[in-house]
Number of protein chains: 2
Amino acid sequence: MTELSTSAARAARTHGTVRIVGAGLLGSSIGHALSALGVDVALDDTSPAQLRLAVDYGAGRVARPDDRPSLIVVAVPPDVTADVIERELAAHPGVVVTDVASVKLEPFQTLQGRDVDLTHYIGSHPLAGRERGGAISARADIFVGRPWVVCRDGDTSAADLAVVEGLALDLGATPIEMAPDEHDRAVALTSHVPQLVASLLAGRFPDAPDGALRLAGQGVRDTTRIAASAPELWVQILGANAAPVVDVLDALAADLTRVSDALRAPDAPGARRTVADTIRRGNEGVELLPGKHGQNRRFEQIVVMVDDTPGQLGRLFGELGELEVNVEDLRLEHSPRAQFGLAEISVEPTAVRRAVDGLEARGWKIASTTND
Amino acid sequence: MTELSTSAARAARTHGTVRIVGAGLLGSSIGHALSALGVDVALDDTSPAQLRLAVDYGAGRVARPDDRPSLIVVAVPPDVTADVIERELAAHPGVVVTDVASVKLEPFQTLQGRDVDLTHYIGSHPLAGRERGGAISARADIFVGRPWVVCRDGDTSAADLAVVEGLALDLGATPIEMAPDEHDRAVALTSHVPQLVASLLAGRFPDAPDGALRLAGQGVRDTTRIAASAPELWVQILGANAAPVVDVLDALAADLTRVSDALRAPDAPGARRTVADTIRRGNEGVELLPGKHGQNRRFEQIVVMVDDTPGQLGRLFGELGELEVNVEDLRLEHSPRAQFGLAEISVEPTAVRRAVDGLEARGWKIASTTND
C-alpha cells in the first residue's frame, strides 16, 4: 500500500464529511485535495457564483442543511472570520471548527470577548497561496511541503487536535504547533512587513525621474514582486495584526535611519562599518531562510544554450531522459533580442558529470555549471 | 548576410584591438562577447591569477606593452575606477576610454578635480551582472537585451560616442544616453535602495523569535534574494552614490513612518486609507517596471502536471515541438514531497488553444491556463 493510499484511507475514515465555508482560493484548494482523497466535501459560500465555480471545478458539492460534518473549515476573508467561526460552532455543537485566516490572535480574542465556547475551535493557518485568488485558481497541491500552523490551547483535546493536524497531513503540509501571538509575530516578520516593504519601495516608482525605471533589472523586480498583491485583503490582514507589524516596522525604521545617517556622514566614526554591517547582516539573514535556497543547494546547476526554435527544449529534455538525468528544477532565460535561450537545469550532484558529458557528446553547448 | 555577421564585421572594423582593464565578471564577459565577434581583445588585470583564468576561458589574450587599442574599457572596482581611467587616458592619448562602473558622477567629478583631459573619456554602465562574480562566471550573453547607459558630455565627439555605443550594440545591449547625475539618481532608486531594503529586511532575521522563519515563503524569499550580495562591492557603490541614495531612503522612511502611524492608530482620520493607499501605490509602481513582468504579459501561461520521473519533461517538450508550440518562458515547481511537478509554460496567446488541446489529446493533465 503506498503512502498516498494509506493517507487517503485515513482521511476518508477520519473526516466523513468536511464542511468548507468560503469557496475562494484556500477553501476550494482544500476541497480539491480532500475530494481527490475520496472525502465528501460540502462547500458553502455567500456568493452563489463562487460556489458554483468551485463545484464545477471539482472542489466538492453544495452543502445541504442536513449535512453532519466531522470537521468544519472556515476559509472566509479576515474581517468576517470570527463571525463565521461563532456561527459554525453554534450550528454544529461538538464538531471541530478550524479557520485558515492569516492572523490568529485577533479572531481568537474577539471570540473570547463574546464568551463563545471555544472548546472545539482550533485556529490554523496554512502558509500557502497563489498570486491569483478565487475558486478558479484553486489547486489541490498548493499545500504540499508547506508549513500549516495549528494553534492549540489549554482546552484543546488530543482528539480534536488530531483532526486538524490530520487535515494538514492529508493535504501534504507539515503541521506546526504555535500559540496565536507567536504565530502573529512570526508572520509579521516573514510575510506582513515584507509585503509593506515591497509596497513602499514600489510606491516610490510613480515619482521616479523620467526614464529612470528603464534601468530596472531582476533585483528590483524580485524585491517588489509581491507589491502586486490585492489591497482589500492586505488592509484587513495588516489591520488585524497591527501591533506585531508595527514592532517590526519600528525596528526596521531605526536600522534604516542608522544606515542613512552613516551614508550622510561617511567620515563619522563607525559610518563605513555601519554600511558594511548592514549588507553583512543581510547576508546572514537571508541564509537563515528555509526552502528554495536551501533546497537548491542540494542540487548543481547546469546552464545549456538552447536555440529559440520549437522542439529544441523537447530534444534537450528527451536526451536528459535518455541519460537518466532527472531535472529537479529549471529556469529558462529568454532574451527577446537573442536567437537563443539559456536553460538552467538543477540536477543531483552525482548526475552533473553524466549530464554534461552526455549533452556535449550530443552537440549541446554548456554555458556553465555550478562547480565550474 | 545575417544581422550577426554584419555586426561582427562592424565590430572588427571599428574596434581593431579592444583593451580591457580588469578581468572580473564584466570585463571578462565583454572580452568573451568581443572575441566571439572576431575582435582582438587585450586583457589586463592586477591579479595574474584572475588574468590567467580569463584568458584560459577564452575572454581574450594577455595585453602587451605595444598594443595600439582603438578602445579601452575600464572594468575595475569602483574605488579604483577614477585612478585607472586617468592612467589609461595618459598612457593612450587620443584613444576612447570608457568604464563600466555602476556609479557615474563620482569618478567624473574626481577626474575633473584633478584637471584630467576628459575629451576622450565617456563613462558608461551596462545594467548587467550575475549573482556570482569573477572571470569564472563571465558569459558573453549577459548584456543581451539589457540597457547600457552612456554618459556623453559637451566635449564628446560624435565619433567617440559611436565607438562606445557601438560596443554596447555589438554586445546586444541597448545604449541609453543619460547625464551622470541622472544615471546615479536612477540607479539609487532601481538598484541601490532595493539592495539596502533587502539587506535591512533580511537583517531582522537573525533576531527572529524561535521558529518564526519556518513560516517564510516565496514572497519573503524574493523580497530578500539580493540581500545575498557581496558587502565589499556594495560598501563602495553605496559610498560613491551616497547623496541620491539618502534622498530615496529619506522619502522611504517618511512613507514607512506614515503607514506605521496609521497602523498604530487605526481609528485616526484617514488611517485605513493610508494603509490601503500604500498597497495600491505599490500596485501602480510595480506595473511601471519594464522587463520580465511586461514581457510575460505578452504571453499566456499554461500549467501542466508532470510526473517526477526522468524523460517526462522530454516527452512534454517533444510533443510541444510536434504541435509547433514555441516555449517562451518556463518555470518548474517541484515539491520535494510530491510525486509530480508543475511546469508553467509561457506561450504566444495564439498558441494556447493548440497547446492545450494537443497536450490533453496526448494525455497530459493541464492544471490551469492564464485565461481560465
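What counts, and at which threshold
- Residues numbered from 1 in each chain as written.
- Chains lettered and ligands numbered in written order.
- Predicted model: local features only at pLDDT ≥ 70, side-chain atom pairs only at ≥ 80, totals over all residues.
- Heavy atoms only, no water.
- UniProt positions renumbered as here; feature names shortened; annotations may be inferred.
- Helix = DSSP H or I, 4+ residues; strand = E, 2+ residues; numbered from the N terminus.
- Buried < 20%, exposed > 50% of the residue type's maximum accessible area, 1.4 Å probe, protein only.
- Salt bridge = Lys/Arg side-chain N within 4 Å of Asp/Glu carboxyl O.
- Contact = heavy atoms within 4.5 Å.
- Buried area = accessible area lost by both parts, 1.4 Å probe.
- Polar contact = N/O pair within 3.5 Å; in protein donor to acceptor, adjacent residues only side chain to side chain.
- Domains from an automatic or database assignment.
- Nonpolar A, V, L, I, M, F, W, Y, C, P; charged D, E, K, R; others polar.

Per an unreviewed UniProt entry, chain A goes by Prephenate dehydrogenase and derives from Microbacterium candidum. A UniProt comment under Sequence similarities (unreviewed entry) is attached to chain A, and it reads "Belongs to the prephenate/arogenate dehydrogenase family." Recorded in UniProt under Catalytic activity (unreviewed entry), the annotation for chain A is "prephenate + NAD(+) = 3-(4-hydroxyphenyl)pyruvate + CO2 + NADH".

The next subject is the side chain of Thr 81 of chain A. By the element assignment, Thr 81 of chain A lies in helix α4 (residues 78-91). The buried category is assigned to Thr 81 of chain A, whose relative accessible area is 2%.

Quick look at the pattern of salt bridges now. All names here are of chain A. Under the defined criterion, the tally for this structure stands at 55 salt bridges over all chains. Between Asp 66 and Arg 64 there is a salt bridge; the shortest N-O distance is 3.6 Å. Asp 66 gets classed as exposed once you look at its relative accessible area, which sits at 52%. Under the relative-accessibility criterion, Arg 64 is labelled partly exposed at 46%. Among the ionic pairs, Glu 177 bridges to Arg 152, the shortest N-O distance being 3.4 Å. Taken together, the residues span a long stretch of sequence, with Glu 177 in strand β8 (residues 174-177) and Arg 152 in the loop between β7 (147-151) and α6 (158-170) at a distance of 25 residues. The class for Glu 177 is partly exposed, based on a relative accessible area of 38%. Accessibility expressed as a relative area gives 36% for Arg 152, which makes it partly exposed.

Another point: the interface of chain B and chain A. Facing 130 residues of chain B, the contacting portion of chain A comprises 128 residues. Of the roughly 11,300 Å² buried between chain B and chain A on both sides combined, carbon and sulfur atoms contribute 66%. At the junction of chain B with chain A, the criterion picks out eight salt bridges. Asp 255 of chain B is paired through a salt bridge with Arg 204 of chain A; the nearest N and O atoms lie 2.7 Å apart. Along the contact surface separating chain B from chain A lie 18 residue pairs in polar contact (both at pLDDT 80 or more).

Looking now at the domain arrangement of chain A. Residue and element names in this part refer to chain A. As assigned here, chain A comprises domain 1 (3-178), domain 2 (185-287) and domain 3 (294-369). Here the C-alpha centre of domain 2 lies 33 Å away from the C-alpha centre of domain 1. If you look at the interface, domain 1 gives 10 residues, while domain 2 gives nine residues. Taking both sides of the interface into account, the surface hidden between domain 1 and domain 2 amounts to around 700 Å²; carbon and sulfur atoms contribute 64%. Summed over the shared surface of domain 1 and domain 2, the result is one residue pair in polar contact (both at pLDDT 80 or more). Per-class residue counts for the side of domain 1 that touches domain 2 are five nonpolar, two polar and three charged.

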